[in-house]
Amino acid sequence: MEKILEVKNAVYEYRNKYQTVKAVNDFSFEFERGKLYAVVGKSGCGKTTLLAMLAGLDVPKEGSVVYKGKDTKEMNLDKYRRDDVAVIYQDYNLFPLLTAIENVMYPLHLKGIKDKEAKVTAAKMMDSVGLDSAFHKRLPSMLSGGEQQRVAIARALAAKADVILADEPTGNLDSENGKNIIGILKKLAHEEGYCVIVVTHDSEISADADEVLSMRDGKLVTKQEDKVN
Amino acid sequence: MRYGITNILRSLPKSIALVCAAMVLTLSICIISQSIVTQTQSLEDVYSEYIIETVITDQFCIEETNLAMNSKYYNIISQNLHGIRDYITDIKIRSSFSSNYTYMFDDKVERELGGSVVGLTYLPDEEEFKHEFNLMPLYDESILLDSRPSCIVPKRMMEDMGWEYYTVRLRYDKQEENEFVEFNIVGTHEGPDNIYCSYESFNDELTKGTVSIYSFRFNLINSKYTGEVAKILKFYFIEPSIVGAIRRELNELKILFRYTFVMPKGNLDDVVKPIESDIRKLKIAEPFLFVLSVATGLVVSFMSTKNRKAEFAVMRSLGTGKAMVFFEAFFEQLLLCLTGMLLGIAVFFAIYRQNAVLVVWKIAVFFVCYMSGTAISVLNVALVNVMKIMKANE
Ligand SMILES: Nc1ncnc2c1ncn2[C@@H]1O[C@H](COP(=O)(O)OP(=O)(O)O)[C@@H](O)[C@H]1O
Ligand SMILES: [Mg+2]
């Protein structure tokens, strides 16, 4: 499989007046297209920080994050976030005053796609996560958690990124909805060829993942190959 | 931009509150500046309607000495010392007195007439007469004007002469046969009540008042200049407050301080003071309103954006540039502020109708103040650290 995202000896520190916390410490890994990765570990071990670096929210202090052979340090991070990666959050992070379909259209508008075309594409994306036109005009506050998370996934898909990052996407969902979301993510990796990286506590995701990355104190400790593949 | 408009429309109550804030402030600024304009106008009206006639007279107020006012004082005006001409108008040097004079035309006819009015008593604008006006050079104590002195002669005399003379020779003292001085004829009279001259004020000035009063007087162009004019006059004359005191020093013209000026202000102060104090208060209030605008802009947009940090962080995480996020947030506030301003101005015009005076620069200053307040709080949310977006999850 094609290597798409590579982390090389990445170090990330949080500094405040009193201390410096090495949240990610000498982390190295290569991510490939078409695979679902699960990142697991105790709370505070640096999973979210790792994901943030992959999402291009910041760059590592030392080492590098390399996307398709290019160091994110040398890239325009705004453009990277707009075109190359998409993030799904535990608490969905939809725009509260935009309707479901408008939320999905947002990244399309960002890319300069015209309204009409954006609408068609957004509808298609919503369809692919199982939300029909009845959901289009609803505000996030009128959707269940599972539905909101699906809108968030549709929004992530609309960006046409190669990499989908998710930080505990099922954390706020009941098990049925969680399963549903996992199903979608799995399908995206295996059928559509996305590189999907999920931070999770959910053992079900870990079970379904192609690879499980276990972290401790900012370091990668084990890498288990999924038994099925 | 689309995002901003959608947001405004979908959070209407909040938007209306913001619009109202901007509207109320705009309206207050409009009303205060309107009040300043109208108060200033009424002050100007009072000042321009109030005629202050300044009179310069001899300190001792004796008839004879009154007549002896030194013509050098005329220099103050003719040479525009201290720029006094900028402040005064209707300059008059007035003297009318009865005496017996001998007139002579062309060395031929000599007539003696009683009760004549002699002397030009008004200093008109140059173009009002064909010839120049200067004080008679050798007559330091004269009240007669013109390089060749002017005078007004009895009408009957001119009729006798067939209106053909423009100059006349006049003898002051009957004893001294050769003491004739030549005058330009600038008008005729039939006694002190009927004087014909090319300029009406002549007539007015010459016929008004009692005989034998000599004064050097003028009006202020605008009564608001009392201070300025008094300051200039103090160089030459004794100021009203110390009338009675005898000053032995010389004034700027190297003449003994001897004449006093009187500048009766009447009840001008009573009328003007309250208006001035009103204006002063309004002008103090005004900058506060601008400061208030900054504060309001800041607080109002802070309140309306403080819960939206996550929203802007999401924008950033989706790849919207920093500047664009700032612009989106700022644009919303801008739109609300502009709407409020327009409404405020509309209400203002509805209240004041055709009397409304909109001081555009003040509105502009308000706008800048308000928006800079807004910008501060918008910056605070728009330039959110994107890493924080992940933290919201925990
Ligand atoms: N903004 C921050 N300032 C200081 N320390 C932080 C900050 N964010 C996270 N950390 C610390 O960094 C470490 C890793 O955090 P995080 O990546 O959020 O862990 P996880 O997602 O695995 O729970 C933790 O010890 C946490 O306390
Ligand atoms: Mg986390």
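Scroll up to find the structure this text is about.
Residues numbered from 1 in each chain as written. Chains lettered and ligands numbered in written order. Predicted model: local features only at pLDDT ≥ 70, side-chain atom pairs only at ≥ 80, totals over all residues. Heavy atoms only, no water.

## Focus: the interface of chain B and chain A
1) Next: Contacts between the two partners involve 24 residues from chain B, matched on the other side by 28 residues from chain A.
2) Next: Taking both partners together, chain B and chain A bury about 2,400 Å²; carbon and sulfur atoms supply 59% of that area.
3) Next: Contact with chain A buries surface across chain B, with B:Leu318, B:Met387 and B:Met390 losing the most and accounting together for 28% of the total.
4) Next: At the boundary of chain B with chain A, the tally comes to 2 salt bridges.
5) Next: The shortest N-O distance in the salt bridge between A:Asp78 and B:Arg316 comes to 3.0 Å.
6) Next: Linking chain B with chain A are 7 residue pairs in polar contact (both at pLDDT 80 or more), by the criterion used here.
7) Next: Put simply, the parts of the chain that give the side of chain B that touches chain A at least two residues each are α1 (2–10), α9 (309–317) and α12 (388–391) of chain B. (Contact = heavy atoms within 4.5 Å. Buried area = accessible area lost by both parts, 1.4 Å probe. Salt bridge = Lys/Arg side-chain N within 4 Å of Asp/Glu carboxyl O. Polar contact = N/O pair within 3.5 Å; in protein donor to acceptor, adjacent residues only side chain to side chain. Helix = DSSP H or I, 4+ residues; strand = E, 2+ residues; numbered from the N terminus.)

## Some words on the state of the cysteines
All names here are of chain B.
1) Next: Evaluated as defined, the whole model comprises 0 disulfides over all chains.
2) Next: Not engaged in a disulfide, the cysteine Cys30 finds its nearest cysteine sulfur in Cys337; these two sulfurs lie 12 Å apart.
3) Next: Looking at Cys30, the relative accessible area reads 1%, which means it is buried.
4) Next: Left unpaired, Cys337 is separated from the closest cysteine sulfur, that of Cys369, by 11 Å. (Disulfide = S-S within 2.5 Å. Buried < 20%, exposed > 50% of the residue type's maximum accessible area, 1.4 Å probe, protein only.)

## Thoughts on the pattern of salt bridges
1) Next: Applying the stated criterion across every chain, the model contains 22 salt bridges over all chains.
2) Next: Between B:Lys273 and B:Asp269 there is a salt bridge, with its nearest N and O atoms 3.9 Å apart. With a gap of 4 residues between them, B:Lys273 and B:Asp269 both fall in helix α8 (residues 268–305), about one helical turn apart.
3) Next: If you follow the salt bridges from partner to partner, you end up with A:Glu2, A:Arg33, A:Lys68 and A:Asp162 in one network.

## Things to note about the pairing of strand β9 (residues 211–216) of chain A
Residues in a regular strand point their side chains to alternate faces of the sheet.
Residue and element names in this part refer to chain A.
1) Next: Most of β9 sits inside the fold, with 5 of its 6 residues counted as buried.
2) Next: Sheet topology note: the strand β3 (residues 36–41)/β9 ladder contains 5 bridges and is parallel. Pairing of Ala38 across the sheet is with Val212, part of β9. (Pairing = 2+ DSSP bridges.)

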